Amino acid sequence: MNSDTTSRRNLLKAAGMAGIASLLPGLALADGRKGRPNRKRVLRFAHFTDCHVNRYGADAHWLAKALEQVNDLKDRPAMILFGGDMIFEGNSVDAQAMRDQWSEFRGVLKNSNAVPVQYCLGNHDIWGWSNRAVSPNEPLYGKRWALDTLQMENANYSFDRAGWHFVVLDSVSRFRMGYIGKLGPEQLEWLGQDLGTHREKPTLVMSHIPLLSACSAFFGPSERPFGWSVPGALMHMDSRHIKDMFNQNKQVKVAISGHIHLVERVDYNGVSYLCDGAVCGNWWRGPFQETPPGYALIDLYDDGTWHRDYNKYGWQPAA
Ligand SMILES: [Fe+2]
């Protein structure tokens, strides 16, 4: 499911011969998303987003189950990308609660996962932004606690793997006592430079908050008398700028996110924007709207194409 390759295969089958592909209008090959018949898979990874592990309850048990399922797969992914909101909630809590949540999360990773991981920060991984009792002078204030715990040098970074380029963005910008999805001028400049110097590799971009999303409108009540109103906390406020950058960098094929706890795919101007459901589903109370607790397995191919499956891992309510 969710792969353009299926539609291309059907198209070729319907045409009766693979050779006709070269006669078809540019749609199939121009944006690289349809897949070569002899394409090779170069990497499989899992996207675990919105785990929201709390310091008590069954959360850690179920994250462990999901990780063990992935670790036990015969076709095991080569890495796991954590999409943010690893812990339940950091902004409003004291230092002890922060410590407990991270130690719970780290404990699960240590005991139930042997696959290499990369992290992206989410809004709930940040300490103190909405809690006046936490001083901004605390050494671990804001993003520092998560960065140190996860041994990340920066919240935004990039790396190469299996012929693909991966860009991890820091979605979360402070806005008053809360946040909005925004990169800010420095990170935007970094992104432009990073994409500009990696044009030869198909590229995947990961953010916590969706860069472009339809399901953001369904997260809460967004219907207003005058029309739809989607908060800047639910979709990046600088999406226009970012999609212009992607337009200048056609190697960007796919952008993955979480945050909304809903599965969706939006294709726009040659980029597929995939939002994945949450490991915690509806914050450990079952499915969130139509999306069950789960994680995505994403295959990347040598021709810049991809395939995503969203998998349940067997979450059950407490008996
Ligand atoms: Fe979340």
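Above this text is the structure in question.
What counts as what
Residues numbered from 1 in each chain as written. Predicted model: local features only at pLDDT ≥ 70, side-chain atom pairs only at ≥ 80, totals over all residues. Core = buried A, V, L, I, M, F, W, Y, C linked by C-beta atoms within 7 Å. Buried ≥ 20, exposed ≤ 12 C-beta atoms within 10 Å, placed from the backbone. Helix = DSSP H or I, 4+ residues; strand = E, 2+ residues; numbered from the N terminus. Contact = placed C-beta atoms within 7 Å. Pairing = 2+ DSSP bridges. Axes fitted to C-alpha atoms, helices over the stretch in contact; angles between N-to-C directions.

**Q** I would appreciate a short explanation of the nonpolar core in the present structure.
**A** Considering soluble globular proteins, one finds that nonpolar side chains tend to be buried as a cluster. Ranked by size, the top nonpolar core spans 80 residues in total, and within it Val53, Leu63, Met206 and Val279 carry the most contacts. When residues of this core are assigned to their parent elements, the largest contribution, 6 residues, is made by helix H3 (residues 59-71).

**Q** Looking at this structure, how should I read the environment of Tyr179?
**A** Within the secondary structure, Tyr179 is located in strand E7 (residues 178-181). Separated by 55 residues in the primary sequence, Tyr179 and Leu234 have C-alpha atoms spaced 9.9 Å apart. Setting aside anything within four residues of it in sequence, one finds Tyr179 in contact with Asn123, Trp129, Val172, Ser173, Arg174 and Ala233.

**Q** Teacher, can you tell me more about the sheet that holds strand E4 (residues 157-161) here?
**A** Neighbouring strands of a sheet are bound in pairs by backbone hydrogen bonds; such pairs are parallel or else antiparallel. Pairing is mixed in the open sheet, where 6 strands are placed in the order E4-E5-E8-E11-E13-E12. Sheet topology places E4 and strand E12 (264-268) at the edges, where each strand pairs with a single neighbour. Adjacent strand axes in the sheet meet at a mean angle of 20° when their direction is disregarded. Relative to strand E13 (residues 271-275), strand E11 (residues 252-257) is paired through 4 bridges, and the arrangement is parallel. Following the sheet pairing, Ser257 is matched in E13 by Cys275.

**Q** Help me understand the sheet that holds strand E15 (residues 306-312) in this model?
**A** If you trace the 5 strands from one edge of the open sheet to the other, you get E3-E2-E1-E14-E15, paired in mixed fashion. Each edge of the open sheet is held by one strand with a lone partner, namely strand E3 (117-119) and E15. Averaged over all adjacent pairs, the angle separating strand axes in this sheet is 25°, with direction ignored.

**Q** Help me understand the environment of Tyr268, please; the structure alone is not making it clear to me.
**A** For Tyr268, the location among the structural elements is in strand E12. Among the residues examined, Tyr268 registers 14 C-beta atoms within 10 Å and is labelled partly exposed. For the pair Tyr268 and Lys243, spaced 25 residues apart in sequence, the C-alpha separation works out to 8.8 Å. Setting aside its immediate chain neighbours within four residues, Tyr268 contacts Leu212, Lys243 and Tyr273.

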